[in-house]
Amino acid sequence: GQNIDQPTEMTATEGAIVQINCTYQTSGFNGLFWYQQHAGEAPTFLSYNVLDGLEEKGRFSSFLSRSKGYSYLLLKELQMKDSASYLCAVILGSSNTGKLIFGQGTTLQVKP
Amino acid sequence: EAQVTQNPRYLITVTGKKLTVTCSQNMNHEYMSWYRQDPGLGLRQIYYSMNVEVTDKGDVPEGYKVSRKEKRNFPLILESPSPNQTSLYFCASSLLGNYEQYFGPGTRLTVT
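Residues numbered from 1 in each chain as written. Chains lettered and ligands numbered in written order. Predicted model: local features only at pLDDT ≥ 70, side-chain atom pairs only at ≥ 80, totals over all residues. Heavy atoms only, no water.

Draft legend 1. Main features of the overall build of chain B. From N to C terminus, chain B includes zero helices and 11 strands. Starting at the N terminus and ending at the C terminus, chain B contains elements arranged as β-β-β-β-β-β-β-β-β-β-β. A globule of 112 residues ought to have a C-alpha radius of gyration of about 13 Å, and chain B, at 13 Å, matches this closely. Across its three principal axes, chain B shows a C-alpha extent of roughly 40 × 25 × 25 Å. Within the span of chain B, comprising 112 residues, buried residues form 51% of the whole. Across chain B, contacts joining residues at least 24 apart in sequence account for 53% of those joining residues at least 6 apart. About 5300 Å² of surface is accessible on chain B, with carbon and sulfur atoms providing 51% of the total. Averaging the positions of the 12 positive and the 10 negative side-chain charges in chain B gives two centres separated by 7 Å. (Helix = DSSP H or I, 4+ residues; strand = E, 2+ residues; numbered from the N terminus. Rg over C-alpha atoms; globule rule 2.2 N^0.38 Å. Buried < 20%, exposed > 50% of the residue type's maximum accessible area, 1.4 Å probe, protein only. Contact = heavy atoms within 4.5 Å. Areas by Shrake-Rupley, 256 points an atom, 1.4 Å probe, with all protein chains shown as cover. Lys, Arg positive; Asp, Glu negative; His and termini not counted. Charge placed at Lys NZ, Arg CZ, Asp CG, Glu CD.)

Below you can see the structure in the form of structure tokens.
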């Protein structure tokens, strides 16, 4: 079966750095997304990784290791507005497939 | 403004009464998808479409139907809703080829 694991909740302090991990065991892999979802809102795109390594975008970075089935999202210089759920999602199968599996999401609380 | 719209945003209905949730996008995206989001289960894909007249099952297709007669529209049909279909539903669209998905605002459905 398909399985994606993320921690359920995390807490961090404003200004700090936090790393949210995602491990996956899926039949096929064609890329991994990270989305942010504030309470009561729709998910919004943060990052996409398909090759091993680190992708940096401002305060957010995402890392992928395909051999280990592992990704993380790194948030630097945390702000109160970063309090949200962070969703890891894997694209299954070969290229141009449409099937997507999401993890349960990690709720991050940023405290002053 | 580029967007994905869903209607209705909120719906309370009774078991067995057929309903349709509409989804429309104005970005000329080939790919569209429906998800449901439930506490503790995260986002789960119901159906997706890679283009007009091309649809395929996601992870939880039972009890749902879709159609893609036009590129911009992707309605979700519940022929005979049941209480276990009470959920928050999101429609999303993207360009083909594993690009970021843009989500609609969500439809909160309650089936009594």
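The discussion continues.
Draft legend 2. Structural view of the side chain of A:S71. Within the secondary structure, A:S71 sits in strand β8 (residues 70–75). At a separation of 3.0 Å, a polar atom in the side chain of A:S71 contacts the side chain of A:W34. (Polar contact = N/O pair within 3.5 Å; in protein donor to acceptor, adjacent residues only side chain to side chain.)

Draft legend 3. Structural context of the interface of chain B and chain A. In this assembly, 23 residues from chain B lie in contact with 20 residues from chain A. At the boundary of chain B with chain A, total buried surface from both sides reaches about 1700 Å², with 54% on carbon and sulfur atoms. Between the two partners, chain B and chain A, sit zero salt bridges. Applying the counting criterion to the chain B and chain A interface returns four residue pairs in polar contact (both at pLDDT 80 or more). Mapped onto the side of chain B that touches chain A, the elements with two or more residues apiece are β4 (31–38) and β5 (42–51) of chain B. (Buried area = accessible area lost by both parts, 1.4 Å probe. Salt bridge = Lys/Arg side-chain N within 4 Å of Asp/Glu carboxyl O.)

Draft legend 4. Structural detail: the pairing of strand β5 (residues 44–49) of chain A. All names here are of chain A. Both strand β4 (residues 32–37) and β5 contribute to a ladder of five bridges, which runs antiparallel. Across the sheet, residue W34 finds its bridge partner in β5, namely S47. Here β4 folds back onto β5 in antiparallel fashion, the turn holding six residues, of which G40 has a positive phi close to 80 degrees. (Pairing = 2+ DSSP bridges.)

Draft legend 5. Representation of the state of the cysteines. All names here are of chain A. For the coordinates displayed, the defined rule picks out two disulfides over all chains. Between the sulfur atoms of C22 and its disulfide mate C88 the distance is 2.0 Å. Taking the sign of the torsion about the S-S bond as the criterion, the disulfide between C22 and C88, at about -65 degrees, is left-handed. With C22 in strand β3 (residues 18–25) and C88 in strand β9 (residues 84–91), the pair connects residues that are 66 residues apart, well separated along the chain. In this structure, C22 and C88 share a single accessibility class: buried. (Disulfide = S-S within 2.5 Å.)

Draft legend 6. Fine view of the environment of A:E77. Residues and elements named next belong to chain A. Among the secondary structure elements, E77 is positioned in the loop between β8 and β9. The exposed category is assigned to E77, whose relative accessible area is 54%. For E77 and T13, which are 64 residues apart along the polypeptide, the C-alpha to C-alpha distance reads 9.3 Å. Not counting residues within four places of it along the chain, the set of residues in contact with E77 comprises G15, A16, R59 and D82.

Draft legend 7. Layout of the pairing of strand β7 (residues 60–65) of chain A. Residues and elements named next belong to chain A. The element β7 is extensively covered by neighbouring structure, given that five of its six residues are classed as buried. Here five bridges tie strand β6 (residues 53–57) to β7, and the two strands are oriented antiparallel to one another. Bridge assignment links K57 to a residue of β7, and that residue is F60. In this antiparallel pair of consecutive strands, β6 and β7, the connection spans two residues, and G58 shows a positive phi of 65 degrees. With six bridges connecting them, β7 and β8 associate as antiparallel partners. What sits directly across from L64, in β8, is S71. Counting the residues in the hairpin turn of β7 and β8 gives four residues, including G69, whose phi is positive at 60 degrees.

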